[in-house]
Amino acid sequence: MTSAVKVYLLLTMCSLNSFAMDIVQKPIIFNQLRLQLSKEYISKHYEQDVDDITIIPRIIVIHWTAIDDLDASFKRFLFPTLPLDRPDIQKASSLNVSTHFMIDTDGTIYQLMPETTMARHVIGLNFSSIGIENVGGQGNKPNLSSAQLQSNKNLILYLTNKYSSINYLIGHSEYTQCENTSLWLEKDKNYRTIKYDPGDDFMKALRSNFNLKTCHD
Ligand SMILES: [Zn+2]
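The notes below deal with the structure included here. These numbers were taken from a predicted model, which means no experiment stands behind them.

The rules behind these values
Position numbers for residues start from 1 in each chain and track the written sequence from start to end. Predicted model: local features are reported for residues with pLDDT of at least 70 only, side-chain atom pairs are reported and counted for 80 or more only, and whole-chain, interface and lining totals are derived from all residues. Labels follow the DSSP assignment, with helices taken as runs of H or I lasting at least four residues and strands as runs of E lasting at least two, numbered in each case from the N terminus. Residues are called buried when their C-beta atom has 20 or more other C-beta atoms within 10 Å, exposed when it has 12 or fewer, and partly exposed otherwise; all C-beta atoms are positioned from the backbone. Each residue is represented by a C-beta atom placed from its backbone, and any two residues with such atoms within 7 Å are regarded as in contact.

### A few points about unusual backbone geometry
- A cis amide bond links Asp-197 with the next residue in sequence, Pro-198, at an omega value of 0 degrees.
- On the secondary structure map, Pro-198 appears in the loop between β6 (168–171) and α6 (200–207).
- Here the phi dihedral of Ala-66 falls at roughly 65 degrees; this positive angle occurs in a residue that is not glycine.
- Tracing the chain through its elements places Ala-66 in the loop between β2 (59–64) and α3 (70–78).

### Some points on the environment of Asn-31
- Within the secondary structure, Asn-31 sits in the loop between β1 (23–25) and α2 (32–46).
- Since 10 C-beta atoms lie within 10 Å of it, Asn-31 is described here as exposed.
- Separated by 49 residues in the primary sequence, Asn-31 and Pro-80 place their C-alpha atoms 7.5 Å from one another.

### Quick notes on the environment of Thr-117
- Locating Thr-117 in the fold gives a position in the loop between β4 (109–111) and β5 (129–134).
- According to the C-beta neighbour criterion, Thr-117 is partly exposed, with 16 such atoms within 10 Å.
- In sequence terms Thr-117 and Gln-48 are 69 residues apart; their C-alpha atoms lie 16 Å from each other.
- In this structure, Thr-117 is in contact with Ile-53 and Thr-54, ignoring residues within four places of it in sequence.

See below:
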């Protein structure tokens, strides 16, 4: 083997390694009820009657859970129906909120549901987005860690390499800026909530690594 071939093989192995993601599977309950409630949500809010709830991901939305503990955060997403302490969004649907990924304070990445199944995590954009939650932000305090920042970078790189359809990256607090884009589907003009996650500094640090669009570009 020539040294040029050896170098080539080494570089190939390195680049493959850089895309090998450590993702821990931690599934939420996604049963018939959750599927049915998801279809009803799509029908009511997006006026689309669908046979399945498979999405084509076009945008990644970054969140914090507003809870500084992994297990307590996970429990918010676990069951198919919304906990009773969410009257602000209960009227819109009893479908529980969910997320595709959740990143713990130490940077561990958990996958809670398949990437191309619709999650309820952001008004107007659920049918085209992948959600990444970060454990933290309790009391709207911007406390996400540098390990979380690095894992968000790695995960976004992995997802954008996997899905060429992804062209946008936003923080949840920016979602209303997408209202005038082709991404937006919500029909109820009065259904909006104010969000602060995951903080401007975190989004700025994250976004500088990618050539992905915001909704105000
Ligand atoms: Zn959020």
